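# Structure assessment
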2 protein chains.
Amino acid sequence: MFNHMVEHHLDRVFHALSDPTRRAILDRLAEGEATVGHISGPFPISFAAVSKHLGVLERAGLVTRKARGRERVCRLNPAALADARAWLGFHQRFWAERLDALDAMVGQKSGKPD
Amino acid sequence: MFNHMVEHHLDRVFHALSDPTRRAILDRLAEGEATVGHISGPFPISFAAVSKHLGVLERAGLVTRKARGRERVCRLNPAALADARAWLGFHQRFWAERLDALDAMVGQKSGKPD
DNA sequence: AAAAAATTTAACCAAACGGTTGAAAATCGA
DNA sequence: TCGATTTTCAACCGTTTGGTTAAATTTTTT
């Protein structure tokens, strides 16, 4: 159902999201587009490190960078979250169903409604 | 709003989900609880490797392992997906809003209607 | 044309990752 | 009790990660 090349893409998206600095960059970027230097400011790591983080985010499709003069303007791509969200949504619902079925089979109603 | 120790937890959940073998283990586990050996079967990697993957999933709270004799029975914990899903849901919505606002602003300035 | 500014790239490092094999620790069946 | 079974743990290995600094690149400013 989900199994396509999406799998490969999910690797990159989930990996990109697994780092707190990168999630902070995304938060920062949610306030509006910004240049690499502008993004880099508040972080206690080097400029180059932030640039590499942006590379990871870009390869995951979460961020786009386009040149404007000597600067690179970074912008969020909310659509890239859709795959990850779909995976989570599907599985969370599916797991819950299966576990409910298991509970029902065991016959011990835990009394937890939907 | 989200920023608590949850951050630290999100690191582990997203990282756990970033590996295709681990996602496959979760898929497998969605069919019902299973022992480590049972899970390990279909995978072309060693038993110990699967055990380590299960450790990662357990530390992320996605899976619980409980002893039953000399076996360990593994089971999904759907609740653990909630945090990740909440993060994604909030951000996806928030990003979309901000970008809509940005588009509207740009549209106003350039006189281009929506 | 030269200097300054914004980014990326390259080379490097320590730590973590995903994998292996083999030994250790429980528990079960004989 | 002894041997087999199930699982983890420990040590190791090559690759990736997240970070650094320094050099290279591109564009703007003077």
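Everything in this summary refers to the structure shown in the same document.

The rules behind each value
Residues numbered from 1 in each chain as written. Chains lettered and ligands numbered in written order. Predicted model: local features only at pLDDT ≥ 70, side-chain atom pairs only at ≥ 80, totals over all residues. Heavy atoms only, no water. Contact = heavy atoms within 4.5 Å. Buried area = accessible area lost by both parts, 1.4 Å probe. Salt bridge = Lys/Arg side-chain N within 4 Å of Asp/Glu carboxyl O. Polar contact = N/O pair within 3.5 Å; in protein donor to acceptor, adjacent residues only side chain to side chain. Helix = DSSP H or I, 4+ residues; strand = E, 2+ residues; numbered from the N terminus. Nonpolar A, V, L, I, M, F, W, Y, C, P; charged D, E, K, R; others polar. Near = heavy atom within 4 Å. Pairing = 2+ DSSP bridges.

### Some thoughts on the interface of chain A and chain B
Between chain A and chain B, the residue contacts involve 36 residues of the former and 35 residues of the latter. Where chain A abuts chain B, roughly 3500 Å² becomes buried across the two surfaces, and 65% of that area is made up of carbon and sulfur atoms. Here chain A is connected to chain B by 2 salt bridges. Applying the counting criterion to the chain A and chain B interface returns 6 residue pairs in polar contact (both at pLDDT 80 or more). Within the residue set of the side of chain A that touches chain B, elements represented by two or more residues are helix 1 (6–17), helix 2 (20–30), strand 3 (71–76) and helix 5 (81–106) of chain A. In terms of residue count, helix 5 of chain A provides more of the side of chain A that touches chain B than any other element does, 16 residues in total. For the side of chain A that touches chain B, the per-class residue count stands at 19 nonpolar, 6 polar and 11 charged.

### Some points on the protein's contact with DNA strand D
Among the 21 residues in the neighbourhood of DNA strand D, the closest are listed as Lys-52 and His-53 of chain A together with Gly-37, Ser-51 and Arg-65 of chain B. Put simply, 67% of the atoms of DNA strand D that lie within 4 Å of the protein are in sugar or phosphate. Separating a phosphate oxygen of DNA strand D from a side-chain N or O atom of Ser-51 of chain B is a distance of 2.4 Å. Contact between DNA strand D and Arg-72 of chain B: a phosphate oxygen at 3.3 Å from a main-chain N or O atom of the residue. For the surface near DNA strand D, the elements supplying multiple residues, two or more each, are helix 4 (47–59) of chain A together with helix 3 (36–40), helix 4 (47–59) and strand 3 (71–76) of chain B. Considering only residue class, the surface near DNA strand D consists of 6 nonpolar, 7 polar and 8 charged.

### Concerning the pairing of strand 3 of chain A
All names here are of chain A. When strand 1 (residues 34–35) meets strand 3, the two strands line up antiparallel, connected through 2 bridges. Bridging across to strand 3, Thr-35 finds its partner in Val-73. Summarising the sheet, strand 2 (residues 63–68) and strand 3 pair through 6 bridges and their orientation is antiparallel. Paired with Arg-65 across the strands is Cys-74, a residue of strand 3. Two successive antiparallel strands, strand 2 and strand 3, enclose a turn made up of 2 residues, where Gly-69 displays a positive phi of approximately 65°.

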